[in-house]
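Notes for the structure review
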Amino acid sequence: MLGFYKSEGSVIVRADQLTEGCWVNAVSPNAEEIRFLIDQMGIDSGFISAALDEEESSRIETEDDQTLIIIDTPVAITEGDSLAYTTMPIGIIVTKTNVVTICLNETSPVTDITNGFTKNLQTAMKTRFLLSLLLRVAQSFLIRLKHINKMTTQVENELQRSMRNKELLQLAGLQKSLVYFSTSLKADEVTLEKILRGRVIKLYEEDQDLLEDVLIEFKQAVEMSTIYSTILS
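Definitions and cut-offs
Residues numbered from 1 in each chain as written. Predicted model: local features only at pLDDT ≥ 70, side-chain atom pairs only at ≥ 80, totals over all residues. Heavy atoms only, no water. Phe/Tyr/Trp six-rings, centres within 6.5 Å; stacked < 30°, edge-to-face > 60°. Helix = DSSP H or I, 4+ residues; strand = E, 2+ residues; numbered from the N terminus. Buried < 20%, exposed > 50% of the residue type's maximum accessible area, 1.4 Å probe, protein only. Contact = heavy atoms within 4.5 Å. Salt bridge = Lys/Arg side-chain N within 4 Å of Asp/Glu carboxyl O.

1. Notes on the packing of aromatic side chains
Tallied over the full model, the rule gives six aromatic pairs. Measuring from centroid to centroid gives 5.8 Å for Tyr-85 and Phe-181, while their planes differ by 50°, and the two rings are tilted. Placement of the pair is Tyr-85 in strand E6 (residues 82–94) and Phe-181 in helix H5 (residues 165–196), with a sequence separation of 96 residues. Judged by relative accessible area, Tyr-85 falls into the buried class, the value being 6%. Residue classification places Phe-181 among the buried positions, given a relative accessible area of 0%. Each residue in the set Tyr-85, Phe-141, Phe-181 and Phe-218 is aromatic and connected to the rest through ring pairs, giving one cluster.

Here it is as structure tokens:
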């Protein structure tokens, strides 16, 4: 699925076609949509392949006039009767005229923006839009870490009443979720530190505070994942 979005006032609305300054969101794009990204937008085919590789780790790369940022984001999965989490990469490609996001499946940070939950975003302000999306990713991790902690407490309470395999398997699933989160968050943090140095993404003075907020949120998520994992162990 390929969607075009642009800012109108303080909200983002869906557009009918590609225009300069719009945001292009590709979710599990088919062959025709991938060809559009390559032929019509000039997106590097290697960048697209990397964004659609679920094993791709967080990193940043520049090729000609395009920059690829791979960032991991949390996604919920079902293991038997239990809810657990893993992570999935989002590819964010910044070109001269547009920001393009590419992912295998829908993710909450992106859908939050398409559904209008993030206000005062300007798609034409590429760096600000990128940082706002990264902030949504950090907040998504924090929300799910709090949920994992809550679930852990509930399972522990069940274990006090009965020692069953079900609860033990739930705890094992939560522990695995925290391992995924911790690994992805540390890689995301390294990528953000590279952005902070300002050598690959042009940073404007007014963006510095937002980037620092993003880094603080990610550092908090790293700390929370470490603490929760230690407690659970």
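Additional details are given in the paragraphs that follow.
2. Regarding the environment of Arg-59
Within the fold, Arg-59 resides in strand E4 (residues 59–63). Given the relative accessible area of 24%, Arg-59 is considered partly exposed. Linking Arg-59 and Leu-210, residues 151 residues apart in sequence, is a C-alpha distance of 20 Å. Beyond its immediate chain neighbours, meaning those up to four positions away, Arg-59 contacts Ala-50, Leu-68, Ile-69, Ile-70 and Thr-191.

3. Description of the pattern of salt bridges
A complete count under the given rule lists eight salt bridges for this structure. As a salt-bridge pair, Glu-56 and Arg-59 come within 2.7 Å of each other at their nearest N and O atoms. Residues Glu-193 and Lys-219 are paired through a salt bridge, measuring 3.4 Å at the closest nitrogen-oxygen approach. In this pair, Glu-193 sits in helix H5 while Lys-219 sits in helix H6 (residues 208–232), placing the two residues 26 residues apart along the sequence. Given a relative accessible area of 39%, Lys-219 falls into the partly exposed group. Several salt bridges converge on common partners, so that one network encompasses Glu-56, Arg-59 and Glu-61.

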